[in-house]
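Listed below are the residues making up each chain.
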Amino acid sequence: LSASGETYDGTEKSHVSGEIKGFTPTIVYEKKGTDGSFATIDSTPSDAGTYRASITYTVDEAKNKVYSVSVTYDISPATPTLTWPSEKTVGYTGNAITEDAIGEPTVTLVNGESYKGAIQYSYRTSGSSDEFTSGLPTEIGTYEVKAVVDADGNYAKAEKSMTLTIAWLTDVADATLKDQGGKS
């Protein structure tokens, strides 16, 4: 038995290896619940969580010599990878910038699993140590925008920041203002 830490990757983590010559051991896996107790599971663990693997073997049935050994180990949640440009410039509209305007980050999980959760955005003025404000910015300026995916099941919380500049619109035809009578 071994008790090294593992990270979720979608594969089974038995922590049982080696052999006991001449004996066929019984292996039982248990998963720790939120209440702290362990409950037997039907297969070798692969999901994030805390587990106990127990091996029981009988040396001499006539003398009732039964030995058991167990180990507790963790399979840690994997951390998703968020990918998006390090910088982006968009034109000022007077409204909050939309996710479509900046491009949603790509969330990469293990084994080609698909991310189905929401991405939360927050921002602060670039170079500032102020707290982040929930949502996306509206006003002209340069911002640090943070995308966050919450921890869920086999995955830990992850975040990635980018620099977003909201600039005055450029390369737009000059407007001609007219009064209600049509005069310029």
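Not measured: the values here are computed from a predicted model. (Residues numbered from 1 in each chain as written. Predicted model: local features only at pLDDT ≥ 70, side-chain atom pairs only at ≥ 80, totals over all residues. Heavy atoms only, no water.)

Caption draft 1: Inspection of the packing of aromatic side chains at higher detail. Overall, the coordinates contain five aromatic pairs when judged by the stated rule. A centroid spacing of 6.1 Å and a plane angle of 45° characterise the contact between tryptophan 84 and tyrosine 121, whose relative ring orientation is tilted. Remark: tyrosine 121 occurs in strand 9 (residues 120-125) and tryptophan 84 occurs in the loop between strand 6 (81-83) and strand 7 (87-91); sequence separation between them is 37 residues. Comparing tryptophan 84 with tyrosine 121, the two get one shared label, buried. Summarising the aromatic geometry, the rings of tyrosine 123 and tyrosine 143 are spaced 5.6 Å apart at their centres and angled 90° between planes, so their arrangement reads as edge-to-face. Here the residue tyrosine 123 occupies a position in strand 9, and tyrosine 143 occupies one in strand 11 (residues 141-149), the gap between them amounting to 20 residues. As far as the burial class goes, tyrosine 123 and tyrosine 143 line up, both buried. It is arginine 52 that lies over the ring of phenylalanine 38; its NZ or CZ is 4.1 Å from the centre. Over the ring of phenylalanine 132 we find lysine 146; its NZ or CZ atom is 4.1 Å from the centre of that ring. (Phe/Tyr/Trp six-rings, centres within 6.5 Å; stacked < 30°, edge-to-face > 60°. Helix = DSSP H or I, 4+ residues; strand = E, 2+ residues; numbered from the N terminus. Buried < 20%, exposed > 50% of the residue type's maximum accessible area, 1.4 Å probe, protein only. Lys NZ or Arg CZ within 6 Å of the ring centre and 35° of its normal.)

Caption draft 2: A look at the environment of asparagine 154. Tracing the backbone through its elements, the reader meets asparagine 154 in the loop between strand 11 and strand 12 (158-167). Look past the residues within four positions of asparagine 154 in its chain and what remains in contact with it is Tyr8, Asp47, Ala48, Pro77 and Ala78. Side-chain polar atoms of asparagine 154 contact the backbone nitrogen of alanine 48, separated by 2.6 Å. (Contact = heavy atoms within 4.5 Å. Polar contact = N/O pair within 3.5 Å; in protein donor to acceptor, adjacent residues only side chain to side chain.)

Caption draft 3: Geometry of the nonpolar core. Core analysis: the biggest nonpolar cluster contains 28 residues, and Tyr73, Trp84, Ile102, Tyr121, Val145 and Leu164 have the highest contact counts within it. Secondary structure elements with two or more residues in this core: strand 4 (49-60), strand 5 (65-76), strand 9, strand 11 and strand 12. The residues touching isoleucine 102, leaving out its near neighbours within four places in the chain, are Trp84, Lys88, Ile97, Tyr121, Leu136 and Leu164. (Core = buried A, V, L, I, M, F, W, Y, C linked by side-chain atoms within 4.5 Å.)

Caption draft 4: Representation of the sheet that holds strand 11. Read from one edge of the open sheet, five strands run 7-12-11-9-10, paired in mixed fashion. Of all the strands in the sheet, just strand 7 and strand 10 (133-134) have a single pairing partner and so form its edges. Summarising the sheet, strand 7 and strand 12 pair through five bridges and their orientation is parallel. By the bridge assignment, lysine 88 is partnered in strand 12 with leucine 164. (Pairing = 2+ DSSP bridges.)

Caption draft 5: Structural detail: the confidence of the model for the protein. Within the protein, residue pLDDT values average 86, and 84% of them lie at 70 or more. Between the elements of the protein, mean pLDDT differs from a low of 84, seen in strand 4, to a high of 97, seen in strand 9. (pLDDT = per-residue confidence, 0-100.)

Caption draft 6: Representation of the environment of glutamate 131 within the structure. Considering the arrangement of structural elements, one finds glutamate 131 in the loop between strand 9 and strand 10. Note on glutamate 131: relative accessible area 70%, which makes it exposed.

Caption draft 7: Spotlight on unusual backbone geometry. Of note, asparagine 111 is a non-glycine position whose phi angle comes to about 55°, a positive value. Relative to the assigned elements, asparagine 111 resides in the loop between strand 8 (106-108) and strand 9. By relative accessible area, asparagine 111 is classed as exposed at 57%.

Caption draft 8: Spotlight on the pairing of strand 9. Examined bridge by bridge, strand 9 and strand 11 share six bridges and lie antiparallel to one another. Bridge assignment links glutamine 120 to a residue of strand 11, and that residue is valine 148. As paired strands, strand 9 and strand 10 are joined by two bridges and run antiparallel to one another. The residue bridging serine 122 from the neighbouring strand is serine 134, located in strand 10.

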